[in-house]
Amino acid sequence: MTLVALVNPNTNEATTAMMAAIARRTLRPEDGYEVRGVTVAAGPPMLVDEEALRASAGHVLDAADRLLAGPDGDRVAAIVVSAFGDPGVEELRARTSVPVIGIAEAAMREAGADGRRFGIATTTPGLAAAIDARAARLGRSGRYTGVRLTPGDPLRLAAAPEEMTEALAAAVERCVREDGAEAVVIGGGPLGEAAEALRHRFPVPVIGPIPAAGREVLRLLA
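All of these numbers come straight from a predicted model, not from anything done at the bench.

Some words on the sheet that holds strand 7 (residues 183–186)
Thought 1: Strand order in this open sheet of 4 strands is 6-5-7-8, and the pairing throughout is parallel. Unpaired on one side and paired on the other, strand 6 (144–149) and strand 8 (206–207) mark the two borders of the sheet.
Thought 2: Where strand 5 (residues 118–122) and strand 6 come together, 5 bridges link them in parallel fashion. For Gly119, the partnering residue across the bridge sits in strand 6 and is Gly146.
Thought 3: Running at roughly 160° to strand 6, helix 5 (residues 128–137) makes contact with strand 5 and strand 6 of the sheet.

And the structure:
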């Protein structure tokens, strides 16, 4: 089995399990892939602002170091960092020879394929500037239409999945109708189930970042 580690940069074990389950729909066991969810040892249960995002990079590196030094370390074929700010991705790439995939980078690459204009729908206003900066750093600003946010407290929305899905649907609609987006990324690993629910509700592609990262793993390991 080809072992792919999915590192959750927040400390919520249930979120880790959910994101790993989504990744397994792309990196399927029947195709020879084993997805192992790894939860960081410290930090908040959800990343909702830039301070937490910056702090999580060190926790991601610690989690990856523990994994790579462990009994299955030599089996790890790729590492997915499953927070939308891609915390620690560049630093981790400098420390290991295995492919390291950030879910924001993978999703933006897929959304902007063939020159498409793309937007991002998410629940965390405290990370909007960081998302804009990530798009710029990845050279995507020219086709990036911006972030559309759900109203209200992201932690409260996370506890109400159906409400969160509908709020994200309204944000996707604004990306398309008001901003001219030709594809929309759901901006967050913990929003993975909502992304799955919205995939076929719009006339434009709605891209979940975890499946996009899985497809990037398949491409890199082919």
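A short note on the packing of aromatic side chains
Thought 1: Taken as a whole, this structure holds 1 aromatic pair when the rule is applied.
Thought 2: A centroid spacing of 5.6 Å and a plane angle of 40° characterise the contact between Phe118 and Tyr144, whose relative ring orientation is tilted. With Phe118 in strand 5 and Tyr144 in strand 6, this pair connects stretches of sequence that are 26 residues apart.
Thought 3: Residue classification places Phe118 among the buried residues on the basis of a relative accessible area of 0%.

What about empty space enclosed by the protein?
A water-sized probe rolled over the atoms picks out the places where empty space is left.
Thought 1: Tallied over the full model, the rule gives 1 cavity of 30 Å³ or more.
Thought 2: Here the largest cavity defines a volume of roughly 190 Å³.
Thought 3: Surrounding the largest cavity, 21 residues form its lining, Leu47, Phe84, Leu127, Gly188 and Pro190 being those nearest its centre.
Thought 4: Classifying every residue of the lining of the largest cavity by side-chain character gives 11 nonpolar, 10 polar and no charged.

Digging into the pairing of strand 3 (residues 76–81)
Thought 1: Most of strand 3 is tucked away, with 6 of its 6 residues classed as buried.
Thought 2: Two elements, strand 1 (residues 2–8) and strand 3, share 5 bridges in a ladder whose sense is parallel. In the sheet register, Ala5 faces strand 3, and the bridge partner there is Ile79.
Thought 3: Pairing of strand 3 with strand 4 (residues 100–102), which is carried by 3 bridges, proceeds in the parallel orientation.

Things to note about helix 2 (residues 50–69)
Thought 1: For helix 2, with 20 residues, the first-to-last C-alpha span of 29 Å sits near the 28 Å given by 1.5 Å per residue.
Thought 2: Its axis deflected by about 25° at Ser56, helix 2 carries its strongest bend there.
Thought 3: Inspection of helix 2 places Ala52, Leu53, Ser56, Ala57, Val60, Leu61, Ala63, Ala64 and Leu67 among the buried residues, and these make up the whole buried set.
Thought 4: Looking at the buried positions of helix 2, the neighbouring elements they touch are strand 1, strand 2 (33–39), strand 3, helix 3 (89–95) and helix 5.

Structural notes on the sheet that holds strand 3
Thought 1: Pairing is parallel in the open sheet, where 4 strands are placed in the order 2-1-3-4. What marks the edges here is a single partner per strand, and that holds for strand 2 and strand 4. Direction aside, the axes of adjacent strands within the sheet are offset by 25° on average.
Thought 2: Lying over the sheet, helix 4 (residues 103–111) contacts strand 3 and strand 4, oriented at roughly 70° with respect to strand 4.

Thoughts on the pattern of salt bridges
Thought 1: Scanning all chains against the criterion turns up 27 salt bridges.
Thought 2: The salt bridge involving Arg148 is made with Asp179; its shortest N-O contact spans 2.8 Å. Taken as a pair, Arg148 in strand 6 and Asp179 in the loop between helix 7 (161–177) and strand 7 lie far apart in primary sequence, 31 residues in all. Assigned by exposure class, Arg148 and Asp179 land together as buried.
Thought 3: Bridged by salt links that share partners, the residues Asp86, Glu90, Arg93, Glu105, Arg109, Arg134, Glu216 and Arg219 form one connected network.

Considerations on helix 1 (residues 13–24)
Thought 1: Helix length check: helix 1 (12 residues) gives 17 Å between terminal C-alpha atoms against 16 Å at 1.5 Å per residue, within 8%.
Thought 2: Taken residue by residue, helix 1 has Thr15, Thr16, Met18, Met19, Ala20, Ile22 and Ala23 as its buried positions.
Thought 3: Packing partners of the buried residues in helix 1 comprise strand 1, strand 2, helix 8 (192–198) and helix 9 (209–221).
Thought 4: One side-chain oxygen of the residue at the start of helix 1 lies 2.9 Å from the amide nitrogen of Ala14, identifying that residue as Asn12.

A look at the side chain of Thr122
Thought 1: With respect to the secondary-structure elements, Thr122 resides in strand 5.
Thought 2: Among the polar contacts listed, one links the side chain of Thr122 to the backbone oxygen of Gly187, at a separation of 2.6 Å.
Thought 3: Look past the residues within four positions of Thr122 in its chain and what remains in contact with it is Ile131, Val147, Arg148, Leu149, Thr150, Leu168, Gly187 and Leu191.

About the cut-offs
- Residues numbered from 1 in each chain as written.
- Predicted model: local features only at pLDDT ≥ 70, side-chain atom pairs only at ≥ 80, totals over all residues.
- Heavy atoms only, no water.
- Pairing = 2+ DSSP bridges.
- Helix = DSSP H or I, 4+ residues; strand = E, 2+ residues; numbered from the N terminus.
- Contact = heavy atoms within 4.5 Å.
- Axes fitted to C-alpha atoms, helices over the stretch in contact; angles between N-to-C directions.
- Phe/Tyr/Trp six-rings, centres within 6.5 Å; stacked < 30°, edge-to-face > 60°.
- Buried < 20%, exposed > 50% of the residue type's maximum accessible area, 1.4 Å probe, protein only.
- 1 Å grid on protein atoms, 1.4 Å probe; cavity = no way out; pocket = protein on both sides within 12 Å on 5 of 7 lines; lining within 4 Å.
- Points joined across faces, edges and corners; volume = space filled by probe spheres on them.
- Nonpolar A, V, L, I, M, F, W, Y, C, P; charged D, E, K, R; others polar.
- Expected span 1.5 Å × (residues − 1).
- Bend = angle between axes of the 7 residues up to and from the residue.
- Salt bridge = Lys/Arg side-chain N within 4 Å of Asp/Glu carboxyl O.
- Polar contact = N/O pair within 3.5 Å; in protein donor to acceptor, adjacent residues only side chain to side chain.

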